[in-house]
Structures are given as structure tokens and as C-alpha cells.
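A look at the structure
Okay, here's what each chain looks like letter by letter:
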Amino acid sequence: MHEYSLPRRSTRRCPYKKTVRLFLTALLLIVPFQKNQAFAHITDTPHTTQDFLRSPLNISHPLLVGTVANTACTKPEPAVSGIRGVPYYTDREHSVIDPKRREADFLASKALRKFSQSVSQQVEIFEYSKGHNIGAAQCALTKLDTWASANALQGYFNTQGTHHRKWALTSIAISFLMIREVPQLDQVKLQNVSRWLGRLGKLVQTPYLDGKLKNNHLYWAATAAIAAGVAANDRELFNWGVKATRLGIDSIQSDGTLKLEIERGRRAFGYHVFSLTALEMSAAFMQANNLCPYQQNRNGVERLADYVLKKMEKDIQSAARISDANIPWMEIHYTYTQDKRLEPFLKLDRPIHYPFFGNVTMLLGATLGTGDNSKPPIRQSTVCYSQPKMSP
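Rules used throughout
Residues numbered from 1 in each chain as written. Predicted model: local features only at pLDDT ≥ 70, side-chain atom pairs only at ≥ 80, totals over all residues. Heavy atoms only, no water. Helix = DSSP H or I, 4+ residues; strand = E, 2+ residues; numbered from the N terminus. Buried < 20%, exposed > 50% of the residue type's maximum accessible area, 1.4 Å probe, protein only. Contact = heavy atoms within 4.5 Å. Areas by Shrake-Rupley, 256 points an atom, 1.4 Å probe, with all protein chains shown as cover. Axes fitted to C-alpha atoms, helices over the stretch in contact; angles between N-to-C directions. Parallel < 35°, antiparallel > 145°, perpendicular 65-115°, else oblique. Left-handed = near helix turned anticlockwise from the far one by under 90°. Nonpolar A, V, L, I, M, F, W, Y, C, P; charged D, E, K, R; others polar. Expected span 1.5 Å × (residues − 1). pLDDT = per-residue confidence, 0-100. Salt bridge = Lys/Arg side-chain N within 4 Å of Asp/Glu carboxyl O.

**Some details on the overall build of the protein chain**
Regarding its fold elements, the protein chain presents 14 helices and four strands. When each of the 392 residues of the protein chain is scored for burial, the buried share is 50%. Of all intrachain contacts in the protein chain linking residues separated by at least 6 positions in sequence, the fraction that spans at least 24 positions is 78%. Carbon together with sulfur atoms contributes 55% to the accessible area of the protein chain, which is approximately 20,700 Å² in total.

The structure is reproduced here in C-alpha cells:
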């Protein structure tokens, strides 16, 4: 019986080993992996963890319609720690409002609303100056930094209060994103605000982690999480918002309705519009990061938009007044779909403001007249990345 032993490994180093290793590494980086061409438009993951999440906002080319008053900067509003909101619906369907309770809720959230609107206003002044009024951008940042340094909005919130926080966070994060690349601004303050927005995003997310609430409140929490996630470059927070948004899109039925909003009785249509507005803003952020929300659920967002639009067109035919709150989603939808049916509404109402976004025309508007199908809509011309959906 013969015993065989492996030859002894030479202790002599190859003089070209390091060079060969570097060459092979470089070759792997240069030569791309060839995917199946049938799925060439879908990539497994959108970014590495080092990449920055992208914003869809018109930062370098805002659409400026009309004029804005050059309001002087005021000192930062006193920071709000928490809010005890007042629920004001009196029936099971949440469709009947108690006016006195609604007024009490309005007063409870007044300080937060005043702050978010003052920040948004200064950002708007800066943008309408075409970048010349640096003082307005500095004013907005100082207000944000003051609240961030005070750990504002991190105290006690009851359930109704948390709704006000998520709506305000969307506006605050969007305002921050519009100015964060201004080179003259204090980088320390920008970083402080960015971290604060990330913390608030986590707080907004928490009540929805059990997966029980799946109506418009979830969609708005998702929008806040996405905007704050981009502001803080927090991919975990952003991804949660994306998954929650996908759950909302998957809830859109074949006729364009949302089952949970249909249950709102006399306010069903209003809550369809409210849901659509949140989903449209989230979709814009998703599209900027190549996550292609408009293809989700067989073009679910477009079915919902079509349902809402047809109802609004019937109201016009019957001479019913169209609420200003029913218009902002159109600004975003038009940019991504170039739907010509939206042009008369936008032409009449621009610039369009929304309390949870600011000047939507400035932020995400596109020049009217592009809805002539002369080029493919943005939703059809983007490389898509796969993303797991939230389990129902």
C-alpha cells in the first residue's frame, strides 16, 4: 500500500502575483455581467449603500409661475415638542365632522403648521429669486436648524397628533431638499437638520410597523418616510416607505377605486383624492430612484387617477365647484404621464400650492403643452429596478 502525500507548497513568491491579481480585479470591474436581454430593463438592486438617494424636485430648474411676495425673515417659531390632537369624526365611517372638535384640532396643530409654512415660504422666495436671495435660504435653514437642535416633534403625540406630524414632515423634508445643495449654506446646520429629519421619519414609521393600518394614513406615512429618507440618505427608511407605497398601489382595484376609502361613505371621493396625492408624491421619489411605480399593479396609479379625473370632469359638467385640494396631484401626474386632460385644470390654477408640499408647480411642474405625445412619458422611459413588495 502506497501512501501519497501532496507536494509541498513552494515558499517562493511569484514576482508577478500582485500584478496579475490587480489586472484580474480591474477586468472584472470593466467587463459587465451580461443579463438576459429580455429583462435588461430590470436590475436586481438600484444602488450600493454608498450611493445617495435622489430627489425628483426641480432643484436646478424650478417652474416659476406668477410672483411671490418677498416676505422678510422672522425669528424661528418656538419649537413644538408634541401634539395632542383632537379626533373630530363622529360616526363609524369617519364621514361626519364635529365642527367644534375640528376647530380644537386645528388649534392644537397651529404652531406646527405655522412653522412648516414659514419654512416653505422662505424656500419659495429663494427659488423665485433664481438663487440670488441667499438670505431666504439661510432663513429657512436657520428655522430648521433651531427645531432640529431642540429635538422638536420628538415628544408625546397621541394618535391624532401623529397625523399632523407626518403631514408636516413631508413639507419640511421637501423644503430642506430644495435648499440643501446651496453652496453658501452652513454645512454643519445642514447635517444637523438631515439627521433630525431621519429621526422624525423613524417616529412617523413606528405606528405602522404592525401592518394593521393600510388606508390613506399609511400612504401619507410612506410619503413622509420617503422624503425624510432621501433628506437623511437613510435607505432603510426610504425602502420602508417604498414598500408601504407599493402596498397602497396594489390596493387599487380594477375600476380605479380603493376599497378602504370607499368605506368612508359621503367622503369617499375626497379620500380617494387625498390618497392619490400621497401616492403621486411617493411615486415621484420612487421614479427618481428608478423604482418605476407607474407599472405597479398593472398601472394602478393611472387607474386611480383616471377614476378621480372622470369624477371631476362630471362635476365640471354639472357646474359643481372643484376644490383646490383636488388639483395638486395633477401637477405631479402631468409631469410623469403628459396626460392632456389635465392641462385645462393646471392652466387655470397655477401656481398650485398644497399645505403638505408647498408650491407644487415650482417643485415638480412641467411646462404645459408637452402632453402632445411627441415624446414618451417619463414613466415609460426609465430603467426599472426590482423591489420586493410588502406582504399583505
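**Let's talk about the packing of helix α3 (residues 110–128) against helix α4 (residues 134–149)**
Taken N-terminus to C-terminus, the directions of α3 and α4 make an angle of 155 degrees; their axes are 7 Å apart at the nearest point. Between α3 and α4, the interaxial angle falls into the category roughly antiparallel. Handedness of the crossing formed by α3 with α4: left-handed. Judged by residue contacts, Ala111, Leu112, Phe115, Ser118, Val119, Gln122, Val123, Ile125 and Phe126 of α3 engage Ile134, Ala136, Ala137, Cys139, Ala140, Lys143, Leu144 and Trp147 from α4. Here the contact of α3 with α4 is built from residues that sort into 14 nonpolar, two polar and one charged.

**Section: helix α10 (residues 268–288)**
With 21 residues, α10 extends 30 Å between its outermost C-alpha atoms, agreeing within 8% with the 30 Å of an ideal straight helix rising 1.5 Å per residue. Of all the 21 residues making up α10, 20 are buried; the element is thus mostly covered by neighbouring parts of the structure. Looking one or two residues beyond α10, the residue adopting positive phi is Asn290, at roughly 60 degrees.

**Quick look at the confidence of the model for the protein chain**
Per-residue confidence for the protein chain averages 86 on the pLDDT scale, and 81% of its residues sit at or above 70. Below a pLDDT of 50 lies the segment residues 23–50, which in the model reaches 20 contacts outside its immediate sequence neighbourhood of four places, other chains included. Contacts of residues 388–392 to residues separated by more than four positions or lying in other chains number 11 contacts, the stretch itself having pLDDT below 50.

**So, the pattern of salt bridges**
Inspection of the entire model under this criterion finds eight salt bridges. In this structure, Glu331 and Arg350 form a salt bridge, with 2.4 Å as the shortest nitrogen-oxygen distance. Of this pair, Glu331 sits in helix α12 (residues 328–337) while Arg350 is found in the loop between α13 (343–349) and β2 (353–354), placing the two residues 19 residues apart along the sequence. Each member of the pair Glu331 and Arg350 is classed as buried. Arg341 serves as the salt-bridge partner of Asp339, at 2.8 Å between the closest nitrogen and oxygen. What makes Asp339 buried here is its relative accessible area of 18%. Given the relative accessible area of 33%, Arg341 is considered partly exposed. What you see here is one network of salt bridges that share partners, running through Asp306, Lys310, Asp339 and Arg341.

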